[in-house]
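Report on the structure
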Amino acid sequence: QSGIEKLDFDSFISIANKNLPKYAQPLFVRLIKEVDMTGTFKPSKTTYKKQGISSECKDPIYYMNAKTNKFERLTNEIRTLIENGSLKF
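Residues numbered from 1 in each chain as written. Predicted model: local features only at pLDDT ≥ 70, side-chain atom pairs only at ≥ 80, totals over all residues. Heavy atoms only, no water.

1. A few points about the sheet that holds strand β1 (residues 28-30)
Hydrogen bonds between backbone groups are what pair the strands of a sheet, and the pairing can be parallel or antiparallel. What the three strands build is an open sheet, ordered β1-β2-β3; its pairing is antiparallel. On the outer flanks of this sheet lie β1 and β3 (70-73), each paired with one strand and no other. The average undirected angle you get between the axes of adjacent strands in this sheet is 30°. As defined by bridge partners, β1 adjoins strand β2 (residues 61-65) across three bridges and the pair is classed as antiparallel. Bridging across to β2, Val29 finds its partner in Tyr62. Across the sheet, helix α1 (residues 9-19) touches β1, β2 and β3, and the angle it forms with β3 is around 135°. (Pairing = 2+ DSSP bridges. Helix = DSSP H or I, 4+ residues; strand = E, 2+ residues; numbered from the N terminus. Axes fitted to C-alpha atoms, helices over the stretch in contact; angles between N-to-C directions. Contact = heavy atoms within 4.5 Å.)

This is the structure in structure tokens:
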């Protein structure tokens, strides 16, 4: 496990629950080493939005498992369930 993946998800969830309304709490977390920037030094959100949770994204992505209330690593199997509508949030 690399240093980038040592996020304390339990603390992250606790802080999000305490400070954000339910509708604003993240369902996905993408861990990146550095943010792609535009020519005007703003985060390149369009790149991340375009990739979404597709297999095109090479960064580790975690999703909120509603059954366990924990973030778990997004696998190809889970991605397929989300894409075909079998797994809903």
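Now that the structure has been shown, the text picks up again.
2. A closer look at the packing of aromatic side chains
Counted according to the given criterion, the structure contains four aromatic pairs. Ring geometry for Phe9 against Tyr62: centres 4.8 Å apart, planes inclined by 45°, an arrangement best described as tilted. Of this pair, Phe9 sits in helix α1 while Tyr62 sits in strand β2, placing them 53 residues apart in sequence. With relative accessibility at 8%, the residue Tyr62 sits in the buried group. Cluster of aromatic residues (ring-pair linked, three or more members): Phe9, Phe12, Tyr62 and Phe71. (Phe/Tyr/Trp six-rings, centres within 6.5 Å; stacked < 30°, edge-to-face > 60°. Buried < 20%, exposed > 50% of the residue type's maximum accessible area, 1.4 Å probe, protein only.)

3. A closer look at unusual backbone geometry
You will see that Phe41, though not glycine, has its phi angle at about 65°, which is positive. Checked against the element boundaries, Phe41 lands in the loop between β1 and α2 (45-51). Classification of Phe41 as exposed rests on a relative accessible area of 68%.

4. Re a nonpolar patch on the surface
A surface patch of nonpolar side chains, amounting to about 340 Å² of accessible area, comprises Val35, Met37 and Phe41. Mapped onto the secondary structure, Val35 falls in the loop between β1 and α2. Look at Val35 and you get partly exposed, because its relative accessible area is 42%. (Patch = residues over 30% accessible without salt bridge, like charges linked within 9 Å, V, L, I, M, F, W, Y side chains within 5 Å. Areas by Shrake-Rupley, 256 points an atom, 1.4 Å probe, with all protein chains shown as cover. Salt bridge = Lys/Arg side-chain N within 4 Å of Asp/Glu carboxyl O.)

5. Quick look at the pairing of β3
Sheet analysis places β2 next to β3, joined by four bridges and oriented antiparallel. In the sheet register, Met64 faces β3, and the bridge partner there is Phe71. Hairpin connection, β2 to β3: the antiparallel pair is bridged by four residues, and Asn69 has positive phi, about 55°.

6. Focus on the environment of Leu74
Assignment of secondary structure puts Leu74 in the loop between β3 and α3 (76-83). Overall, Leu74 belongs to the buried group, its relative accessible area being 8%. Along the chain, Leu74 and Met64 lie ten residues apart, while their C-alpha atoms are 9.3 Å from each other. With sequence-adjacent residues up to four places away left out, Leu74 is seen in contact with Ile53, Ile61, Tyr62, Tyr63, Arg79 and Ile82.

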